[in-house]
Protein chains: 2
Amino acid sequence: MDELKARILSEGKILPGHIIKVGSFLNHQVDTALMGRMADEFARHFDISKITKILTIEASGIALAAVCSYKWGIPLLFAKKAKSDNIENGLFCSEIYSYTYKKNVTVMVESELLLPEDRVLIMDDFLANGEAIRGLTDLVKEAGATLEGIGIAVEKGFQGGGDRFRKAGIDIYSLAVIESTEDDGTINFRN
Amino acid sequence: MDELKARILSEGKILPGHIIKVGSFLNHQVDTALMGRMADEFARHFDISKITKILTIEASGIALAAVCSYKWGIPLLFAKKAKSDNIENGLFCSEIYSYTYKKNVTVMVESELLLPEDRVLIMDDFLANGEAIRGLTDLVKEAGATLEGIGIAVEKGFQGGGDRFRKAGIDIYSLAVIESTEDDGTINFRN
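Residues numbered from 1 in each chain as written. Chains lettered and ligands numbered in written order. Predicted model: local features only at pLDDT ≥ 70, side-chain atom pairs only at ≥ 80, totals over all residues. Heavy atoms only, no water.

Undergrad: Describe the relation of the copies chain A and chain B, listing the residues and the values that go with them.
TA: Screw-axis analysis of chain A against chain B gives a translation of 0.0 Å along the axis, an RMSD of 0.0 Å, and a rotation angle of 180°. Classification of the inter-copy transformation places it as that of a two-fold axis. No C-alpha of chain A lies nearer the rotation axis than that of A59(A), which sits 2.4 Å from it. With an isologous cut-off of 70% or more, the 100% of interface residues of chain A that recur at the interface of chain B puts this contact in the isologous class. (Least-squares fit on C-alpha atoms with pLDDT ≥ 70 in both. Contact = heavy atoms within 4.5 Å.)

What follows is the structure, given as structure tokens:
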């Protein structure tokens, strides 16, 4: 999506460790008008009429998923993160490794909110190594629901998470895939 | 707001400790169509044309604030929570006590995203003791910005947080104020 790539180039900052900061419009301050146009772009790729539930994970994925949910009239469900010793009954859970927190985190949804008949679109603002998304696909499997696809705003292609889902035959669509970043701050997108 | 009160009565569950669970439509699964109508109700109370920024806090406030931001065409900024030893430069910070996590948590926004000329509407899905909202008002003060008001979906009136802001002369509008809950699960709203 050209508009998103242009915003990443004009406002993104590269920090040490290939961290890409886009907090001025994506995941701290949020340009929800841009997100509305991102929803339109996702709707050109996915057959939205099939989707019964949008699944994301707290925190920063919620803004994008909420705007898509509102525009499409499809309920949103966001998975919560918890310490493993704090899990109640009636939950679907998956353990992921959080590179942000450098520890294992349990992602969970209440089992009564994700049903076998649900056709799920997983969404998130960022995909890097893919651990968070892998956790969400686990929850969909645990529920016996159908995964219709994965919609991502910004994928860090060089970290390989997205390509692992592609190789597994999952319909994953990222609006901007960053192939590499250079020491001088240059950002190269995948074609 | 009658529709919200009706949903709380039909779907809300009272857990021990006066915890009110509304995860089927407000803060786990999210009915964003309802949130669109909540945005309309807030817009009847607040002069939205004055607002330059919506400020909320991760995680569950983001969905409501994102839908309002999208409908009103006003940028959204969500404060992040961090451990106190993890604070960089260039941030406005406030320490709050989290009753959920039973410890102090630092809430923060990047200082370049909250400006002295900003006219801020603080929004959240829940208000109980008011610590999170107090932290957000601190950030607004620190930025030298103007607080135009506070918009809340569900206020637990019996915990006193909302009334403290009212006494301080802040324009706070909660769409449903729960005055008390009873042992048999009855929920009483404030008139």
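Undergrad: For helix α1 (residues 2-11) of chain B, give the residues involved together with the corresponding values.
TA: Each α-helix winds once per 3.6 residues, and so residues spaced three or four apart point in a common direction. Residues and elements named next belong to chain B. Considered for burial, the residues of α1 that qualify are L4, R7 and I8. Down the axis, α1 shows its buried residues gathered within 100° of arc, on one side only. Seen from the buried face of α1, the exposed residues on the opposite side, beyond 90 degrees, are D2, L9 and S10. For α1, the elements touching its buried residues are α2 (32-45), β9 (146-156), β10 (172-181) and β11 (187-189). (Buried < 20%, exposed > 50% of the residue type's maximum accessible area, 1.4 Å probe, protein only. Helix = DSSP H or I, 4+ residues; strand = E, 2+ residues; numbered from the N terminus. Arc of directions from axis to C-beta.)

Undergrad: Can you explain the interface of chain A and chain B? Please cite residues and give values.
TA: Of the residues lining the interface, 32 residues belong to chain A; the matching set on chain B comes to 32 residues. For the pair chain A and chain B, the summed buried area comes to about 2700 Å², and 58% of that belongs to carbon and sulfur atoms. Three residues, H28(A), Q29(A) and Y70(A), lead the burial of chain A against chain B; their summed loss comes to 27% of the area buried on that side. The closest approach of N and O atoms between E112(A) and K13(B), which form a salt bridge, is 3.2 Å. Counting the contacts that link chain A with chain B gives 20 residue pairs in polar contact (both at pLDDT 80 or more). Counting only elements with at least two residues in the side of chain A that touches chain B, the list comes to β3 (29-30), α2 (32-45), α3 (61-72), β5 (76-82) and β7 (103-110) of chain A. Residue contributions to the side of chain A that touches chain B peak at seven residues, all from α3(A). Here the side of chain A that touches chain B is composed, by residue class, of 15 nonpolar, nine polar and eight charged. Examined bridge by bridge, β5(A) and strand β3 (residues 29-30) of chain B share two bridges and lie antiparallel to one another. Bridge pairing in β3(B) links L77(A) to Q29(B). (Buried area = accessible area lost by both parts, 1.4 Å probe. Salt bridge = Lys/Arg side-chain N within 4 Å of Asp/Glu carboxyl O. Polar contact = N/O pair within 3.5 Å; in protein donor to acceptor, adjacent residues only side chain to side chain. Nonpolar A, V, L, I, M, F, W, Y, C, P; charged D, E, K, R; others polar. Pairing = 2+ DSSP bridges.)

Undergrad: For the packing of aromatic side chains, give the residues involved together with the corresponding values.
TA: Per the stated rule, a full pass over the model turns up nine aromatic pairs over all chains. Measuring from ring centre to ring centre gives 5.0 Å for Y97(A) and Y99(A), while their planes differ by 90°; the resulting arrangement is edge-to-face. Note on F42(B) and F46(B): the rings are 6.4 Å apart at their centroids and 25° apart in plane angle, and the pair reads as stacked. Aromatic rings pair up to connect F42(A), F46(A) and Y173(A) into one cluster. (Phe/Tyr/Trp six-rings, centres within 6.5 Å; stacked < 30°, edge-to-face > 60°.)

Undergrad: Which residues make up the packing of α2(A) against α3(A), and what are the values?
TA: For any two helices packed against each other, the geometry comes down to the angle between their axes and how far apart the axes lie. Residue and element names in this part refer to chain A. Where α2 meets α3, the axes come as close as 9 Å, and the angle between the chain directions of the two elements is 65°. In the packing of α2 onto α3, the handedness of the crossing is right-handed. Of the residues in α3, those in contact with T32, M35, G36, M38, A39, D40, F42 and A43 of α2 are A63, L64, V67, C68, K71 and W72. (Axes fitted to C-alpha atoms, helices over the stretch in contact; angles between N-to-C directions. Left-handed = near helix turned anticlockwise from the far one by under 90°.)

Undergrad: If you had to explain the pattern of salt bridges to someone new, which residues and values would you point to?
TA: Residue and element names in this part refer to chain B. Under the defined criterion, the tally for this structure stands at 30 salt bridges over all chains. Salt-bridge contacts for R166 lead to E155; the nearest nitrogen and oxygen are separated by 2.7 Å. Taken together, the positions of R166 in helix α5 (residues 161-167) and E155 in strand β9 put the pair 11 residues apart, joining distant regions of the chain. For the salt bridge of D163 with R166, the shortest nitrogen-to-oxygen distance reads 2.9 Å.

Undergrad: Any details on the nonpolar core? Residues and values, ideally.
TA: Core analysis: the biggest nonpolar cluster contains 80 residues, and L4(A), M38(A), L4(B) and M38(B) have the highest contact counts within it. With sequence-adjacent residues up to four places away left out, M38(A) is seen in contact with M1(A), L4(A), L26(A), L64(A), A153(A) and L175(A). (Core = buried A, V, L, I, M, F, W, Y, C linked by side-chain atoms within 4.5 Å.)

Undergrad: So what's going on with the environment of D2(B)? Which residues, and what values?
TA: Secondary-structure assignment places D2(B) in helix α1. Measuring from C-alpha to C-alpha, the distance between D2(B) and L175(B) comes to 8.5 Å, with 173 residues separating the pair along the chain.

Undergrad: Lay out the packing of helix α1 (residues 2-11) of chain A against α2(A) in plain terms, naming residues and giving numbers.
TA: All names here are of chain A. As a packed pair, α1 and α2 sit with axes 10 Å apart at the nearest point and diverge in direction by 140°. Facing α1, whose interface residues are E3, L4 and R7, α2 presents L34, R37 and M38. Looking at the contact of α1 with α2 residue by residue, the classes come out as three nonpolar, no polar and three charged.

Undergrad: Describe the environment of A6(A), with residues and values.
TA: On the secondary structure map, A6(A) appears in helix α1. Sequence separation between A6(A) and A176(A) is 170 residues, and the spatial gap between their C-alpha atoms is 9.9 Å.

Undergrad: Describe in detail unusual backbone geometry, supporting the description with residues and values.
TA: All names here are of chain A. Here the residue pair E58 and A59 is connected by a cis peptide bond, since its omega of 5° sits within 30 degrees of zero. On the secondary structure map, A59 appears in the loop between β4 (53-57) and α3. One non-glycine residue, H18, adopts positive backbone phi at about 55°. Overall, H18 belongs to the partly exposed group, its relative accessible area being 40%.

Undergrad: So what about the pairing of β10(B)? Which residues, and what values?
TA: All names here are of chain B. Counted residue by residue, β10 has eight buried out of 10 residues, so it is predominantly covered. As paired elements, β9 and β10 share six bridges and run parallel to each other. Bridge pairing in β10 places K156 opposite I178. The loop that links β10 with its antiparallel partner β11 comprises five residues; one of these, G185, has a positive phi angle of about 95°.

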